[in-house]
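# Geometric and topological summary
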Amino acid sequence: MLDDPAAELDAAAWARVFQEAADLGVLQVHLSGGEPAARRDLVDIVASAHGAGLYSNLITSAIGLNERRMLALRDAGLDHVQLSLQDADAGSADHIAGYAGGHERKIAFAGIVTGLGLALTINLVVHRANIDRVEAMIDLAASLRAGRIEIAHAQYYGWALRNRSELMPTRDQVDRAIQVVEERRRGLVIDMVVPDYYARRPKACVGGWGRRSLNVTPSGRVLPCHAAETIPQLEFWSVRDYPLEKIWLESPAFQAFRGTDWMPEPCRSCALKESDFGGCRCQAMALAGDASATDPACELSPFHGRMRELASADAGAPIGAYVYRGR
């Protein structure tokens, strides 16, 4: 969901939220979007995060950022930058992003980031249009002096779900990509997330619902995960109305799937329930129509076979036009 810019929290409100987060025990803040650089007061926001003692990470497409602005952000206390790349091939990258010249801008921006001494992570968003070039993408990220590389296969909820038939790779493509990554891990710090549609067991989404992290939207709603608003029955409290600690401990959205008491079978009696915490609630909503259902990524789910069928059908479909958010 995109918030109306006029409804966004101002810098003073963000400073209060950051201090409340630090008091709650939060250690890191990830400034994301949309595009956080669209905020003219981004330097003030970074400074308030730094003042609260939080490690700050700017997740950006590089749009709206030049060397002068990055210098100001560094001096305000910014610790880390995460930059996403869509492909090693410039033409393909610009097509995927829907932004002509975007790839070249990102390459230049990566040089600015490392030149200022900031830590850099390159996030490689992998799907059918670029998965056969994953090794070239790793080479590119390494050449940009990224301290960490993320191989992030598209996960199909939110806008990726809308584009699933354009993005889904085949199982063979995923297996080859995994092999490439394993071979390239020597000497590089590479994290990888594979598509749930080809998994046997679900991942512990966000480390477990309401256990380790929270998301605050630009307008102040507090979410257990970034896609939680795709679950229609949840009630989200706002930092405009409640302190962050009260929201974390008592709000209906965080209580809904926290812990294991909410689980149905087979999750309730599963030996792995304290490690995967039932998997992804948003994915259960999207595919099973019930956010409390077993994550279809789990082979014990009655929807698991259907998930594999969808993956196979989408991977074999012709690639059409992408549907972009906000266009």
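All values derive from a computational prediction rather than experimental measurement.

This part is about the pairing of strand S5 (residues 148-153). The element S5 is extensively covered by neighbouring structure, given that five of its six residues are classed as buried. When strand S4 (residues 119-126) meets S5, the two strands line up parallel, connected through six bridges. Within the sheet, the bridge partner assigned to threonine 121 lies in S5 and is arginine 148. The β-α-β motif built from S4, the intervening helix H6 (residues 134-143) and the parallel element S5 has right-handed crossover chirality. Looking at chain direction, S5 and strand S6 (residues 190-193) are connected through four bridges and run parallel. By the bridge assignment, alanine 152 is partnered in S6 with valine 193.

Turning next to the packing of aromatic side chains. Taken as a whole and assessed by the stated rule, the structure comprises seven aromatic pairs. Chaining the aromatic ring pairs together yields one cluster made of Trp209, Phe257 and Trp262. Here arginine 258 stacks its cationic end above the ring of tryptophan 248, 4.9 Å away from the centre of that ring.

This brings us to unusual backbone geometry. Among all residues except glycine, the phi angle is most often negative; among peptide bonds, the trans geometry is most common. For the bond from glycine 33 to glycine 34, the omega torsion is 10 degrees, close enough to zero to count as cis. Tracing the chain through its elements places glycine 34 in the loop between strand S1 (28-31) and helix H2 (42-51). Omega for the peptide link from glutamate 265 to proline 266 comes to 5 degrees, which places this bond in the cis form. Mapped onto the secondary structure, proline 266 falls in the loop between helix H11 (252-256) and helix H12 (273-276). For valine 206, which is not glycine, the phi dihedral falls at a positive 45 degrees. With respect to the element layout, valine 206 can be found in the loop between S6 and strand S7 (215-216).

The subject of this paragraph is the sheet that holds S6. The strand order S1-S2-S3-S4-S5-S6 describes an open sheet built from six strands, whose pairing is parallel. Since the sheet does not close on itself, it has two edges, and those belong to S1 and S6, each with one partner. Neighbouring strand axes in the sheet, compared pairwise and without regard to direction, differ in orientation by 20 degrees on average. Its contacts with the sheet put H2 on S1 and strand S2 (55-60), and the angle it makes with S1 is roughly 170 degrees. Together, S5 and S6 form the strand contacts of helix H9 (residues 171-184), whose direction differs from that of S6 by roughly 160 degrees.

Thresholds applied
Residues numbered from 1 in each chain as written. Predicted model: local features only at pLDDT ≥ 70, side-chain atom pairs only at ≥ 80, totals over all residues. Heavy atoms only, no water. Buried < 20%, exposed > 50% of the residue type's maximum accessible area, 1.4 Å probe, protein only. Helix = DSSP H or I, 4+ residues; strand = E, 2+ residues; numbered from the N terminus. Pairing = 2+ DSSP bridges. Right-handed = clockwise from strand over helix to strand, strands pointing away. Phe/Tyr/Trp six-rings, centres within 6.5 Å; stacked < 30°, edge-to-face > 60°. Lys NZ or Arg CZ within 6 Å of the ring centre and 35° of its normal. Axes fitted to C-alpha atoms, helices over the stretch in contact; angles between N-to-C directions. Contact = heavy atoms within 4.5 Å.

That's the geometry; what it means functionally is another story.
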